[in-house]
Amino acid sequence: MFTGLFEQPQKRRVGVISTYHRPTIRPKGRARWLIHLFPIPALIVYALFVVYPIISAFLYSLYDWDGIKRGVFVGLKNFVTLFTVEPFNEMFWNAFGHNVYYFFVEMIVQNGIAFGLAFLIYRKIRGSGFLKVAYFMPRLLSVIVIGFLWKLILNPNYGALNTLLTKIGLQEWAKPWLGDPDTALLAIILINCWFGIGFAMLIFLAGLQSIPEELIEAARLDGARGFSLLWKIILPLCMPAITIMTIFTFIQAFEAFELVYAMQGSMGEPFRSTDTLAVYFYRMAFSSAGGAGDVAVGLGSALAVVLFFMVASVSALSLYLMRKREVQH
């Protein structure tokens, strides 16, 4: 009867809900693995359309070919032929010179004008928003459409350019722009500059807008004005954007194909004056007009490998120098 006196009273749990949860490590780990799977489709596409063609081109360049039928293994013979045997070496260096010319004209004309336009928009002139859209509009068109459009404009008989020159009294300036070896390549490069100014302008504008305003104000307080401010302060701080655009321009110049093909075909007319390395590769690998008398898959692959390593090495070196300069500063 006294047992109940020595028992502890039972505490009643009223409204107590357990808040214990099982660890969520497993769902988090599963989600992490799912995130890692997302890039796989893009990697597969990249491997099929970029990595595999590069490896295939290198392997094809090591064999002799009878048309499209692979022959015996010849090692580096195709590369030696490309650089030492006529007419292949002559056409290679002719096309290479045109690519170099392409690059320098684009650097001076396209990037020079684009930086000037970007600087004007950066200074917030009236209508800068409209100018950004207007300058970028040509970039929205296809390169093939641009080529055929300008081919009609430059037509020597009924083209708009020669018609305009005649009507304003400058008929002596009217000429077959694409039929003259002295003007054909330059005309194509200037058209490409017109097409690419908008993209270059946006790259430079992004570089200008990334400059801290405090540095500009400090330079003005120190007496920097006008051209001195642009040359000593703005340009050095904008060098990352300039370097990136230089690399883009180099890659585009040495891979120039679509516009040249749309306006002049694959023969580099007139008289090989518009030949580029990409056009020469197409003519050699896919037609019988490359100098070998038949489709030269091995020589074309060797040219593609040379062009790839040329572009890749210069781009990698430029990126290395740019990053080194950023670390030093």
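Residues numbered from 1 in each chain as written. Predicted model: local features only at pLDDT ≥ 70, side-chain atom pairs only at ≥ 80, totals over all residues. Heavy atoms only, no water.

Draft legend 1. Broad picture of the side chain of Ser266. With respect to the helices and strands, Ser266 occurs in the loop between helix H12 (258-264) and helix H13 (277-286). On the basis of relative accessible area, Ser266 is assigned to the buried category, the value being 17%. When residues no more than four places from it in sequence are discounted, the contact partners of Ser266 are Tyr261, Val279, Tyr282 and Arg283. (Helix = DSSP H or I, 4+ residues; strand = E, 2+ residues; numbered from the N terminus. Buried < 20%, exposed > 50% of the residue type's maximum accessible area, 1.4 Å probe, protein only. Contact = heavy atoms within 4.5 Å.)

Draft legend 2. Fine view of a nonpolar patch on the surface. On the surface, Leu34, Ile35, Leu37, Phe38, Ile40, Ile44, Val45, Leu48 and Phe49 cluster together into a nonpolar patch covering about 930 Å² of accessible area. Broken down by secondary-structure element, the contributors of at least two residues to the nonpolar patch are helix H1 (25-37) and helix H2 (40-60). Examining the composition of the nonpolar patch, we find that five residues originate from one element, H2, more than from any other. One can find Ile40 in helix H2. (Patch = residues over 30% accessible without salt bridge, like charges linked within 9 Å, V, L, I, M, F, W, Y side chains within 5 Å. Areas by Shrake-Rupley, 256 points an atom, 1.4 Å probe, with all protein chains shown as cover. Salt bridge = Lys/Arg side-chain N within 4 Å of Asp/Glu carboxyl O.)

Draft legend 3. Here's a closer look at the nonpolar core. Formed by 41 residues in total, the largest nonpolar core has its most connected members in Tyr102, Phe254, Leu277 and Tyr280. At the level of secondary structure, the elements contributing two or more residues to this core comprise helix H3 (77-84), helix H4 (88-122), helix H8 (184-209), helix H11 (239-254), H12, H13 and helix H14 (297-328). Residue contributions to this core peak at eight residues, all from H14. Excluding its chain neighbours within four sequence positions, the residues that come into contact with Leu277 are Phe92, Ala95, Phe96, Asn99, Phe254, Leu303, Leu307 and Met310. Counting residues in hydrophobic clusters, the runner-up holds 26 residues, among them Phe115, Ala118, Ile121 and Ala219. (Core = buried A, V, L, I, M, F, W, Y, C linked by side-chain atoms within 4.5 Å.)

Draft legend 4. Molecular detail of the packing of aromatic side chains. In this structure the tally under the stated criterion is 21 aromatic pairs. One aromatic cluster in this structure is built from Phe83, Phe92, Trp93, Phe96, Phe103, Phe104, Phe250 and Phe254. (Phe/Tyr/Trp six-rings, centres within 6.5 Å; stacked < 30°, edge-to-face > 60°.)

Draft legend 5. Representation of the pattern of salt bridges within the structure. Counted according to the given criterion, the structure contains one salt bridge. A salt bridge links Arg283 to Asp275; its shortest N-O distance comes to 2.7 Å.

Draft legend 6. Geometry of the confidence of the model for the protein chain. Per-residue confidence for the protein chain averages 83 on the pLDDT scale, and 87% of its residues sit at or above 70. In the model, residues 1-9 has pLDDT below 50 throughout and makes zero contacts with residues more than four positions away in sequence or in other chains. Across residues 14-18, where pLDDT falls below 50, the model places zero contacts with residues more than four positions away in sequence or in other chains. (pLDDT = per-residue confidence, 0-100.)

Draft legend 7. A look at the layout of surface pockets. A volume near 380 Å³ is recorded for the largest pocket. If you go around the largest pocket, you meet 20 residues; those closest to its centre are Arg139, Asn192, Phe195, Phe248 and Gln252. Elements with a contribution of two residues or more to the lining of the largest pocket: H4, helix H6 (143-153), H8, H11 and H12. Per-element tally for the lining of the largest pocket: the top contributor is H11, with five residues. A breakdown of the residues in the lining of the largest pocket according to their chemical character gives eleven nonpolar, five polar and four charged. Counted as a void, the second largest pocket has a volume near 300 Å³. Of the residues contributing to the lining of the second largest pocket, the split by class is eight nonpolar, no polar and one charged. (1 Å grid on protein atoms, 1.4 Å probe; cavity = no way out; pocket = protein on both sides within 12 Å on 5 of 7 lines; lining within 4 Å. Points joined across faces, edges and corners; volume = space filled by probe spheres on them. Nonpolar A, V, L, I, M, F, W, Y, C, P; charged D, E, K, R; others polar.)

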